[in-house]
Amino acid sequence: QVQLVESGGGLVQAGESLRLSCVASVTFFSSYTMGWYRQSPGKQRELVASHMPNGDTDYADSVMGRFTISRDNAKNTVWLHMNNLEPADTAVYYCNAKSRRGNYWGQGTQVTVSS
């Protein structure tokens, strides 16, 4: 059974930083595109950042230059480093693993940024 377990969310003030972690219990982790998505009340889930197997990364315009996605294939782990957080970043953040073998989601971790 595939599981994605996120951690690292919390309550911070604007301008502060957080690091989210996601550990994936999948085989062939290196073959997965790993992504972080977020969803705030009343809004659709949106892609924040993704990390492809070939090392390419992609970011939402709203987080470019503030967030960094990284992964360690030996640890089946992906991180989202979030700097200079803004109240608009408040959301539930979800880890995603996608490949031809399947598309999997974590349970989400809450990030709240106060002004």
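Rules behind the numbers
- Residues numbered from 1 in each chain as written.
- Predicted model: local features only at pLDDT ≥ 70, side-chain atom pairs only at ≥ 80, totals over all residues.
- Heavy atoms only, no water.
- Pairing = 2+ DSSP bridges.
- Helix = DSSP H or I, 4+ residues; strand = E, 2+ residues; numbered from the N terminus.
- Axes fitted to C-alpha atoms, helices over the stretch in contact; angles between N-to-C directions.
- Polar contact = N/O pair within 3.5 Å; in protein donor to acceptor, adjacent residues only side chain to side chain.
- Contact = heavy atoms within 4.5 Å.
- Disulfide = S-S within 2.5 Å.
- Buried < 20%, exposed > 50% of the residue type's maximum accessible area, 1.4 Å probe, protein only.

Enquirer: Whenever I open this one, the sheet that holds strand β8 (residues 77–82) confuses me. Can you help?
Expert: Sheet strands pair by backbone hydrogen bonding; their relative direction is either parallel or antiparallel. Pairing within the open sheet is antiparallel, and its four strands lie in the order β1-β3-β8-β7. A strand with exactly one partner marks an edge of an open sheet, and here the two such strands are β1 (4–7) and β7 (67–72). Each strand of the sheet is rotated relative to its neighbour by a mean of 15 degrees, with strand direction disregarded. Relative to strand β3 (residues 18–24), β1 is paired through four bridges, and the arrangement is antiparallel. Its bridge partner lying in β3, Glu6 is registered against Cys22.

Enquirer: Before we go on, may I ask you to explain the side chain of Ser99 in this structure?
Expert: Tracing the chain through its elements places Ser99 in strand β9 (residues 91–99). Here Arg101 takes part through its backbone nitrogen, which lies 3.0 Å from a polar atom of the side chain of Ser99. In contact with Ser99, not counting residues within four places along its chain, are Ser31 and Tyr32.

Enquirer: Would you take a moment to explain the state of the cysteines for this structure?
Expert: Linking two cysteines covalently through their sulfur atoms gives a disulfide. Using the criterion set out here, one finds one disulfide in the structure. The disulfide bridge from Cys22 ends at Cys95, spanning 2.1 Å between sulfur atoms. Taking the sign of the torsion about the S-S bond as the criterion, the disulfide between Cys22 and Cys95, at about -80 degrees, is left-handed. With Cys22 in strand β3 and Cys95 in strand β9, this residue pair connects regions lying 73 residues apart in the sequence. On the basis of relative accessible area, Cys22 is assigned to the buried category, the value being 0%. Given a relative accessible area of 0%, Cys95 falls into the buried group.

Enquirer: Explain the environment of Gln110 to me, please; I cannot follow it from the model alone.
Expert: Examined against the element boundaries, Gln110 turns out to sit in strand β11 (residues 109–114). Overall, the relative accessible area of 39% leaves Gln110 in the partly exposed class. Residues Gln110 and Thr90, spaced 20 residues apart in sequence, show a C-alpha to C-alpha distance of 7.8 Å. If we skip the residues at most four places from it in the chain, Gln110 touches Gly9, Gly10, Thr90, Ala91 and Val92. A distance of 3.4 Å separates a polar side-chain atom of Gln110 from the backbone oxygen of Ala91.

Enquirer: Mind showing me how you'd approach the environment of Arg71 here?
Expert: Tracing the sequence through the fold places Arg71 in strand β7. On the basis of relative accessible area, Arg71 is assigned to the buried category, the value being 16%. Apart from the residues within four sequence positions on either side, Arg71 is in contact with Phe29, Ser30, Tyr32, Met34, His51, Met52, Pro53, Thr77, Val78 and Trp79. Of the polar contacts made by the side chain of Arg71, one reaches the backbone oxygen of His51; its length is 3.0 Å. There is a polar contact of 2.9 Å between the side chain of Arg71 and the side chain of Asn73.

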